[in-house]
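# Coordinates in review
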Amino acid sequence: MPSFDERVAEHWPAMRPTEQRVARFFKEHRNEVLVSSAAALAAKAGTSDATIVRTAKALGYQGLDDLRRGLVAEIDQPSPADRLTRILGRVGSDLENALAVTLDIHAQSLEGVRRSVTPELFARAVKAFIDAPRVFVFGIGPSSALAQYLSIQLNRFGIEAASLTNTGLLFADDLNRIRAKDLVVMLAYGRVYVELDVLLDEIRHRKAASMLLTDMLADSVGHRVQLLLPVPRGHADMLSMHTATLGLIEALLVGIATKAPKRALDSLADLNQMRTRLTGAAMTLGLPEK
């Protein structure tokens, strides 16, 4: 069966302008389509519920419920157990093979970053960090550790930063910290969680800058961010691996130090002094030698 995006591409030329507008709304608000009634979608899209249903049929679905089933099927992803089973099927029982397969996946992911993040895009990303009055790094689940790591390292390099890793109601407190011109860096993959969707709305509302590191969300939310850095995480049907994300983070940190060396070195010198006061012994913490 054709995907939703394939249906839009196929039927777009024959659709009426109002149907095209609603189809674009479906594309940009897939999560809302899954949970909202035709009337609620019509109110948000500025049209009638009849047009909502007619657009679903114009895309080749039997109706709105059929459209929802198609979207659910597209976002249904293998469970962690399924992913592990698949990678174990490839590895077998050989530990040497386990090491080789895993390192191959990491190497392919890093090579993917090299191809997808052009020098021009990388330079824009580094400048966004340096120009921002503050940086917030969003990541939930396993990505929360990477968000915390990036925020710690940015602070060491003289850039005020904090991580946004709460979920549910506590995430409202995170959102309330964002101000105009702050840079919000999002580590998000696979699907648009409600926290990410609300965060994107707040970034726009609060006039903050935005950067997204992702593997699969370029089509669904790429238009809602200022900078999008493609980061592959290995094979889509196997365990998600974060080497490429970490590699890009480390490259961004080196880029920041390269463009603002005094700021980074002065901040690290201050950190060394505080460490010395805390331990009573001289501490050394600096940038890697070039």
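The model shown is predicted, which means the values in this text are computed figures rather than measured ones.

The next subject is the overall build of the protein. Helix and strand content of the protein: 15 helices and five strands. Considering only C-alpha atoms, the protein reaches an extent of 75 × 55 × 35 Å along its principal axes. Per-residue burial for the protein yields a buried fraction of 40% across its 290 residues. Sequence-distant contacts in the protein: of pairs separated by 6 or more residues, those separated by 24 or more amount to 67%. Carbon and sulfur atoms make up 57% of the accessible area of the protein, which totals about 15600 Å². Put simply, the protein has 35 plus and 33 minus side-chain charges, and the middle of one group is 6 Å from the middle of the other.

This paragraph deals with the pairing of strand β2 (residues 161-164). Both faces of β2 are covered, namely the face carrying Ala161 and Ser163 and the face carrying Ala162 and Leu164. Pairing between strand β1 (residues 135-138) and β2: four bridges, direction parallel. Considered in β2, the bridge of Val135 is made with Ala161. Once the chain exits β1 it traverses helix α10 (residues 143-156) before rejoining the sheet at β2, and the crossover so formed is right-handed.

A separate point is the sheet that holds strand β4 (residues 209-214). Here we have five strands laid out as an open sheet, ordered β2-β1-β3-β4-β5, and parallel in their pairing. Each end of this open sheet is capped by a strand with a single partner; those strands are β2 and β5 (227-230). This sheet shows a mean twist of 20° between the axes of neighbouring strands, independent of strand direction. Inspection of the sheet shows β4 paired to β5 by four bridges, in the parallel sense. Bridge pairing in β5 links Leu212 to Leu228. Of the strands in this sheet, β1, β3 (183-187), β4 and β5 are in contact with helix α9 (residues 119-131), which crosses β5 at around 125°.

All right, on to the packing of helix α8 (residues 95-116) against helix α14 (residues 243-259) then. Following both chains from N to C, one finds α8 and α14 inclined at 45°, their axes separated by 8 Å at the closest point. It follows that α8 is oblique to α14 by the angle criterion. Considering how the two elements wind past one another, α8 and α14 form a crossing that is right-handed. Residue-level contacts link His106, Ser109, Leu110 and Val113 of α8 to Thr243, Ala244, Gly247 and Leu248 of α14. Across the contact of α8 with α14, the residue classes break down as four nonpolar, four polar and no charged.

Interhelical geometry of helix α4 (residues 38-45) versus helix α5 (residues 49-58) gives an angle of 100° and a closest axis separation of 8 Å. One way to sum up the angle between α4 and α5 is to call them roughly perpendicular. From α4, Ala38, Ala39, Leu41 and Ala42 reach across to α5, where they touch Asp49, Ile52 and Val53. Of the residues contributing to the contact of α4 with α5, the split by class is six nonpolar, no polar and one charged.

Within the secondary structure, Gly46 sits in the loop between α4 and α5. Since its relative accessible area comes to 54%, Gly46 is described here as exposed. Each C-alpha atom of the pair Gly46 and Arg21 lies 9.8 Å from the other, and the pair is 25 residues apart in sequence.

This brings us to unusual backbone geometry. Despite not being glycine, Lys181 shows a phi value in the positive range, around 75°. Among the secondary structure elements, Lys181 is positioned in the loop between α11 (171-175) and β3. Its identity as a non-glycine residue notwithstanding, Lys207 has a phi of 60°, on the positive side. Tracing the backbone shows Lys207 in the loop between α12 (194-206) and β4. Its relative accessible area of 63% is what places Lys207 among the exposed residues.

Quick notes on the rules
- Residues numbered from 1 in each chain as written.
- Predicted model: local features only at pLDDT ≥ 70, side-chain atom pairs only at ≥ 80, totals over all residues.
- Heavy atoms only, no water.
- Helix = DSSP H or I, 4+ residues; strand = E, 2+ residues; numbered from the N terminus.
- Buried < 20%, exposed > 50% of the residue type's maximum accessible area, 1.4 Å probe, protein only.
- Contact = heavy atoms within 4.5 Å.
- Areas by Shrake-Rupley, 256 points an atom, 1.4 Å probe, with all protein chains shown as cover.
- Lys, Arg positive; Asp, Glu negative; His and termini not counted.
- Charge placed at Lys NZ, Arg CZ, Asp CG, Glu CD.
- Pairing = 2+ DSSP bridges.
- Right-handed = clockwise from strand over helix to strand, strands pointing away.
- Axes fitted to C-alpha atoms, helices over the stretch in contact; angles between N-to-C directions.
- Parallel < 35°, antiparallel > 145°, perpendicular 65-115°, else oblique.
- Left-handed = near helix turned anticlockwise from the far one by under 90°.
- Nonpolar A, V, L, I, M, F, W, Y, C, P; charged D, E, K, R; others polar.

Shape descriptors only; they carry no functional weight alone.
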